[in-house]
Amino acid sequence: MTLPPYAMLLGLSADSDESGVLIMPFAEGVLGRPGFLHGGAISGLMEMAAIVALRDALAEEGGGRIKPINVTVDFMRGGRDKPTRARGVVTRLGTRVANVEATAWQDDRDKPIAAARMNYLIARP
């Protein structure tokens with residue numbers, strides 16, 4: 001899996017135990033208020049997870065370039081000082097537009113810290 005350059009800035013890596021899941025370690029560079037993740041870092045993690053999911057889906061159909069149209073993020077609880085995981089799911093892959101959802105969690109996948117809905121414009125080859 002090839003991650004975008006911004007993923008390197010956040011320190012993201014692919015989860016070796018679960019396909020399509022990205023992990024962001026807690027570090028000073030993603031710190032918001034003391035002891036908590038910055039909302040932008042959480043949003044960036046979910047955006048990268050959505051891009052990974054969408055690139056995988058497009059690869060199965062011959063590829064394509066993507067451009068974000070809009071992003072909506074819901075923060076549900078503060079991200080604490082521990083690793084954070086995220087996974088994107090393509091909910092609709094149309095001819096020109098894709099809808100993707102992403103969720104970020106820490107200890108329990110059933111208790112997300114944030115969720116996002118994203119729409120992407122697709123340029124197919």
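About the criteria used
Every chain's residues receive numbers from 1 upward, in the order its sequence appears when written. Per-residue local features of the predicted model are confined to residues with pLDDT of at least 70, and side-chain atom pairs are confined, for both listing and counting, to 80 or more; whole-chain, interface and lining totals are unaffected and use all residues. Neither water nor hydrogens contribute to the side-chain values; these are computed over all heavy atoms in the structure. For the purposes of this entry, the term helix denotes a DSSP run of H or I that reaches at least four residues, the term strand denotes a run of E that reaches at least two, and both are numbered from the N terminus. Radius of gyration here uses only the C-alpha atoms, and the compact-globule reference equals 2.2 Å multiplied by the residue count raised to the power 0.38. Only protein chains enter the calculation, and the probe is 1.4 Å; a residue is then buried if its accessible area is under 20% of its type maximum, exposed if over 50%, and partly exposed in between. Any two residues whose heavy atoms approach within 4.5 Å at even a single point are treated as in contact. Areas reported here follow the Shrake-Rupley algorithm with a probe of radius 1.4 Å; residue values treat only the protein chains shown as occluding. His is not counted, nor are the chain ends; Lys and Arg add positive charge and Asp and Glu add negative charge. One atom stands in for each charge, and that atom is NZ of Lys, CZ of Arg, CG of Asp or CD of Glu. N or O atoms closer than or at 3.5 Å make up a polar contact, with two conditions inside protein: a donor-capable atom paired with an acceptor-capable one, and, for residues adjacent in sequence, both atoms drawn from side chains. Buried residues of nine kinds, namely Ala, Val, Leu, Ile, Met, Phe, Trp, Tyr and Cys, make up a nonpolar core once their side-chain atoms join them within 4.5 Å. When a carboxyl oxygen of Asp or Glu lies within 4 Å of a side-chain nitrogen of Lys or Arg, that pair is called a salt bridge.

A. Quick peek at the overall build of the chain. Along its length, the chain carries 2 helices and 6 strands. At 14 Å, the chain has a C-alpha radius of gyration in line with the 14 Å of a compact globule built from 125 residues. Relative to its full complement of 125 residues, the chain shows a buried share of 38%. Contacts in the chain between residues at least 24 apart in sequence constitute 64% of all its contacts with a sequence separation of at least 6. Counting only carbon and sulfur atoms, one obtains 50% of the accessible surface of the chain, whose full area is about 7,000 Å². In the chain, 15 positive and 14 negative side-chain charges are present, and the distance between their average locations comes to 7 Å.

B. Inspection of the side chain of Gln 106 at higher detail. Along the chain, Gln 106 turns up in the loop between strand E5 (97-105) and strand E6 (114-123). Take Gln 106: its relative accessible area is 10%, and that puts it in the buried class. Among the polar contacts made by the side chain of Gln 106, one reaches the main-chain carbonyl oxygen of Lys 82 at a distance of 3.4 Å. Here Gln 106 is in contact with Leu 37, Gly 78, Gly 79, Arg 80, Lys 82, Pro 83, Thr 84 and Ile 113, once residues within four sequence places are set aside.

C. Representation of the environment of Ala 123 in the model. Examined against the element boundaries, Ala 123 turns out to sit in strand E6. Each C-alpha atom of the pair Ala 123 and Lys 67 lies 8.3 Å from the other, and the pair is 56 residues apart in sequence. In this view, Ala 123 contacts Gly 64 and Arg 65; residues no more than four positions away in its chain are not counted.

D. Broad picture of the nonpolar core. Grouped together as the largest cluster of nonpolar side chains are 29 residues, with contacts concentrated most on Leu 12, Leu 22, Met 24, Ile 42, Met 46, Met 118 and Tyr 120. Elements with a contribution of two residues or more to this core: helix H1 (5-10), strand E2 (21-24), helix H2 (39-59), E5 and E6. With 11 residues, H2 is the single largest residue contributor to this core. Contact partners of Met 118, with chain neighbours within four places excluded, come to Met 46, Glu 47, Ala 50, Asn 70, Val 71, Ala 98, Asn 99, Val 100 and Ala 102.

E. Quick look at the pattern of salt bridges. Inspection of the entire model under this criterion finds 6 salt bridges. A salt bridge links Glu 61 to Arg 124; the nearest nitrogen and oxygen atoms lie 3.1 Å apart. Pair noted here: Glu 61 is in the loop between H2 and strand E3 (65-75) and Arg 124 is in the segment after E6, with a separation of 63 residues, a long-range link. Members of the salt-bridge network, linked through shared partners, are Glu 18, Arg 87 and Arg 109.

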